[in-house]
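Tertiary structure, described
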Amino acid sequence: MIVVIVVLVVLAVAFIAAAVPILRRMRYLPLHRYAVATRRWGLPAPNQSREEFLLRRTRIVRGGQTIPPWSWLYDIHEYDYISIPPGTVGLVKAKIGANAPAGRRLSKYVDCERFQSVTKFLKGDCEQGVQPELLRGGEAYAIDPQVFDVYTVDTLPADFPAKADDLRLVSVDAEDVGVVIVTDAPAPDDLRAPAPVVEGHNNFQKPWEFLWNGGRSGPQTDILPGGATYAINPLFARVVHIPTRELTLTWGTKSGGEDRYDSELGPLKVTIQGFVLEVELTQTLSIPPHAAPFLVKRFGEDADGDVGDHKSTAVKRFVGRVLGEKVRGYFNERASAGEIDRFLHELADLRGKLKVQITQALAEVQVDARETTIGEIRFASDELNKEYREYVVLQQRFRQLEQELLNQHVANDIERAQLEVHKAKLSAQLDVLIERLGLDHVRRVQLDTIASQATHAPIILTGGMPAALPLGPSQPSERIAIPAFDATEGLDVFDISPGLPSLNERTETGAPE
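To keep things clear, this report deals only with the structure shown in the data block. (Residues numbered from 1 in each chain as written. Predicted model: local features only at pLDDT ≥ 70, side-chain atom pairs only at ≥ 80, totals over all residues. Heavy atoms only, no water.)

So, the pattern of salt bridges
- Applying the stated criterion to the full structure yields 19 salt bridges.
- Glutamate 78 is the salt-bridge partner of arginine 33, the closest N and O atoms lying 3.4 Å from each other. Taken together, the residues span a long stretch of sequence, with arginine 33 in strand β1 (residues 33–39) and glutamate 78 in strand β3 (residues 74–80) at a distance of 45 residues.
- In this structure, aspartate 262 engages arginine 260 in a salt bridge whose closest nitrogen and oxygen atoms are separated by 2.7 Å.
- Residues joined by salt bridges that share partners form a network here, namely Arg33, Glu78 and Asp80. (Salt bridge = Lys/Arg side-chain N within 4 Å of Asp/Glu carboxyl O. Helix = DSSP H or I, 4+ residues; strand = E, 2+ residues; numbered from the N terminus.)

Notes on the nonpolar core
- One finds Ile242, Leu285, Ile287, Phe318, Leu323, Val327 and Phe331 to be the most contacted residues of the largest nonpolar core, which totals 47 residues.
- Among the elements that make up this core, the one with the highest residue count is helix α6 (residues 313–336) (10 residues).
- Beyond its immediate sequence surroundings of up to four residues, phenylalanine 318 is in contact with Leu285, Leu295, Phe299, Leu323, Leu362, Val365 and Val367.
- In this structure, Leu134, Val153, Val182 and Ile232 belong to the second largest nonpolar core, which totals 26 residues. (Core = buried A, V, L, I, M, F, W, Y, C linked by side-chain atoms within 4.5 Å. Buried < 20%, exposed > 50% of the residue type's maximum accessible area, 1.4 Å probe, protein only. Contact = heavy atoms within 4.5 Å.)

Description of the packing of aromatic side chains
- In this structure the tally under the stated criterion is 11 aromatic pairs.
- With a centroid separation of 5.8 Å and 50° between ring planes, the pair formed by phenylalanine 204 and phenylalanine 210 is classed as tilted.
- Residue classification places phenylalanine 204 among the buried residues on the basis of a relative accessible area of 1%.
- Relative to phenylalanine 331, the ring of tyrosine 330 has its centre 5.9 Å away and its plane inclined at 80°; by these criteria the two rings are edge-to-face. Neither tyrosine 330 nor phenylalanine 331 differs from the other in exposure class; each is buried.
- Positioned above the aromatic ring of tyrosine 261 is the side chain of lysine 311, whose terminal nitrogen or guanidinium carbon lies 5.9 Å from the ring centre. (Phe/Tyr/Trp six-rings, centres within 6.5 Å; stacked < 30°, edge-to-face > 60°. Lys NZ or Arg CZ within 6 Å of the ring centre and 35° of its normal.)

Here we look at the sheet that holds strand β14 (residues 237–243)
- Sheet architecture is open: 3 strands sit in the order β12-β11-β14, paired in antiparallel fashion. For this open sheet the edge positions go to β12 (218–224) and β14, each flanked by a neighbour on one side alone. Here the strands of the sheet are splayed against their neighbours by 30° on average, with no regard to which way each runs.
- In this structure, strand β11 (residues 176–182) lies alongside β14, joined through 7 bridges in antiparallel fashion. Opposite isoleucine 181, over in β14, you have arginine 238 as the bridge partner.
- Helix-sheet contacts for helix α5 (residues 292–299) involve β11, β12 and β14, and the interaxial angle to β12 is about 160°. (Pairing = 2+ DSSP bridges. Axes fitted to C-alpha atoms, helices over the stretch in contact; angles between N-to-C directions.)

Focus: the environment of glycine 227
- Within the secondary structure layout, glycine 227 lies in the loop between β12 and β13 (228–230).
- Once the C-alpha coordinates of glycine 227 and valine 177 are considered, the two residues, 50 residues apart in sequence, prove to be 8.7 Å apart.
- Other than its neighbours up to four places away in sequence, glycine 227 contacts Val172, Asp173 and Ala174.

Here it is as C-alpha cells:
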C-alpha cells in the first residue's frame with residue numbers, strides 16, 4: 001500500500017514538473033487578434049500535395065481563446081482581424097484550388113463560413129480566383145492570408161478589374177429603379193429583349209444562385225426597387241439608375257459641365273421663308289419601372305455605368321434619339337409647308353398635333369408622355385425681333401378696328417330691326433283708327449294738324465302796303481302729332497311717324513273707310 005502511494009506521489013510530482021512549463025507557455029489571444037494553427041506532422045493521402053495536406057489540418061484560433069502550447073506540433077501565426085469599412089464590401093481571391101474555366105470572371109461558390117474555414121473550402125471542390133461571395137461591411141473576419149487575399153476599398157490593387165468605388169454598396173434612390181446588367185453569365189437566348197426573371201438570387205446578391213437557376217447575361221427584366229442598398233459583386237453585375245419620377249426636358253443651350261438627361265437637346269431652330277426662328281419647348285414625361293430594362297436594352301449603357309452623379313446614358317440616348325429627332329422632324333415638316341405669320345398664329349394647333357406625335361413615339365418604348373409646352377418663339381436676329389414686334393402691334397390695332405367695325409354693323413342691324421318693329425306697330429294702330437273713325441275723319445285731322453303747324457310764305461304787296469303779311473303763325477317745322485290709339489283701351493292720342501303710308505296711299509291700297 002505504501003509503495004502505491006509513493007508511486008502516485010512520484011507521478012504527480014513528475015506531471016506537475018512537466019505541466020508547469022507547458023502552462024507557462026499557454027496564453028490567451030487578445031480580442032482583436034486571431035491565430036492560424038497548422039499541425040506539422042502527419043502523412044499526406046495519395047495524390048495529395050503537401051500544401052493541401054497541411055491546409056486541411058489548419059484551424060483558426062479566435063481572439064479570447066487559448067493558443068496551443070505545443071510549438072513542436074503546431075505552426076502558429078497571429079494576425080489582426082480583417083475589417084471591412086461600413087457601407088462597403090470586400091472581395092476575396094483564393095490562392096489555391098483548381099483553375100476556373102476560361103472566360104469566367106468569378107470562381108465556383110463554396111460555403112466555407114465566409115472563408116474562415118479553410119477545411120470546408122478545400123472540401124468543396126474549390127477554384128482559384130475571385131470568389132462570388134462578398135464580405136459585408138462593418139464586420140471583422142478571421143481569414144487565413146496564406147489561402148486568401150482580401151481586397152477592400154483601401155487595399156484594392158491598381159491593376160484589379162474593378163475600381164474602389166465599385167466596392168461600395170449600391171444605393172438606389174426612392175425615385176429611381178436599378179436596372180442590373182449581368183456581365184458574368186451565359187448569353188441570353190433572345191438578344192432583343194431583357195433577360196428573363198430568375199428566382200432565388202436575393203436581388204442579385206447571390207450570383208451562384210442566379211447562375212444555378214439558369215440566369216443569363218445582359219440587362220435583366222427583374223429590377224432593384226428604389227429606397228434600398230444592395231451588396232452586388234462588381235465582377236458579376238453593375239447597376240444602372242433609371243429615374244421613375246416626372247422628368248422635365250427643355251430644348252436650349254446647356255452649360256458645358258452640367259450632366260443632364262436632356263444634354264443632347266440643343267436650341268430648337270426652325271427656318272421658314274429664309275428666316276430662322278428659335279422655339280422654346282418643354283416636354284414632361286415619366287418612365288414606368290417596367291419600361292426601364294427595355295430602355296437600357298435598346299439604347300445601351302456606358303461600361304462605367306452611372307456611378308456618382310453621372311446620369312444614365314441609356315436615358316440620355318433615348319431623349320436625344322427618340323424625342324429629339326421626333327420634335328425636330330415635326331417642326332421641319334411644318335416649316336417647309338407654311339408661312340411665318342401662319343406658323344406663329346397656329347401655335348395651339350401645332351402644340352396639339354406635336355403632343356400626339358410625341359405621345360405615339362414615347363409609347364413605342366413604353367414611356368408616358370405628360371405635358372408639351374411651346375414657349376416663346378423669336379427670330380434669331382435681334383433686328384428682326386424688333387421689326388416683328390412693331391408689326392404685331394400694328395396687326396393687333398388692325399384687328400381691333402376690324403372688331404369695332406363688326407360691332408357697329410351688328411348695332412346697325414339691331415337698330416334697323418327695332419325700327420321695322422316700331423313701324424309695323426304704328427301701322428297697325430293707324431289701321432285700327434281708320435277702321436273706327438273713318439278715312440275722311442282721319443284725313444281731316446291730319447290736314448288740320450299740318451296746317452296749324454305749317455310756316456306760311458310771305459306775300460309781296462305794292463302801293464304802300466307792308467312788305468310782307470304772314471297768312472298764319474310762323475312756327476318751326478315739327479313732327480305732326482295726332483292722337484295715339486291703343487286697341488285695348490279705346491281711342492286715345494296716337495303718333496303718326498314719318499315713313500308710314502299716307503292716307504291716300506292707304507285708300508289706293510284698299511284701306512277701310
